[in-house]
Amino acid sequence: MEYEVITIGENDFPIKFGFNALRKYSIMTNTSLADLQKIGSDMDLNAALTLCYCGIIDGSRVAKKECKLSLDDLADMFDGNWDCMEKVFAVLAKQMNDGFEKKKKPKVVKKQK
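Residues numbered from 1 in each chain as written. Predicted model: local features only at pLDDT ≥ 70, side-chain atom pairs only at ≥ 80, totals over all residues. Heavy atoms only, no water.

Observations concerning the overall build of the chain
Within the chain, the regular secondary structure consists of 5 helices and 2 strands. Reading the chain from its N terminus to its C terminus gives the helix and strand order β-β-α-α-α-α-α. In the chain, which comprises 113 residues, the proportion classed as buried is 35%. Surface exposure of the chain reaches about 8,300 Å², of which carbon and sulfur atoms provide 52%. (Helix = DSSP H or I, 4+ residues; strand = E, 2+ residues; numbered from the N terminus. Buried < 20%, exposed > 50% of the residue type's maximum accessible area, 1.4 Å probe, protein only. Areas by Shrake-Rupley, 256 points an atom, 1.4 Å probe, with all protein chains shown as cover.)

Here's what the structure looks like:
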């Protein structure tokens, strides 16, 4: 899975919600594996910002870009840019969907006699 780039304020960030981002999120929020299935619904603000943060940190790792962003820095960037939260969750939904789509089976070609 590749990363995508989102813009928050005047800053562009690579973002990726793969297993590593979810692992980091579960560590930071003490979320169980079973609770990860409920991600995105009934989240408090801290959990939502932490999820965004983990996606950006992992996106930066995959893009091989240094990221010295703190969770507080990210929260400050969202001030006046609330629409960016929706963009982040749209990326999350897309990347989670892409990861769970069933791959098409190759067609079996019958030999002619």
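Some points on unusual backbone geometry
One non-glycine residue, Asn30, adopts positive backbone phi at about 55 degrees. With respect to the helices, strands and loops of the structure, Asn30 is situated in the loop between α1 (19-29) and α2 (33-36). A positive phi is found at Lys64, a non-glycine position, where the angle reads about 60 degrees. Within the secondary structure, Lys64 is located in the loop between α3 (45-63) and α4 (71-78).

Here we look at the layout of surface pockets
Taken as a whole, the second largest pocket holds about 230 Å³ of empty space. Around the second largest pocket, the lining comprises 13 residues; the ones closest to its centre are Tyr25, Thr31, Asp42, Met43 and Ala47. Where the lining of the second largest pocket is concerned, the elements lending two or more residues are α1, α2 and α3. Of the residues that constitute the lining of the second largest pocket, the class distribution is 5 nonpolar, 4 polar and 4 charged. (1 Å grid on protein atoms, 1.4 Å probe; cavity = no way out; pocket = protein on both sides within 12 Å on 5 of 7 lines; lining within 4 Å. Points joined across faces, edges and corners; volume = space filled by probe spheres on them. Nonpolar A, V, L, I, M, F, W, Y, C, P; charged D, E, K, R; others polar.)

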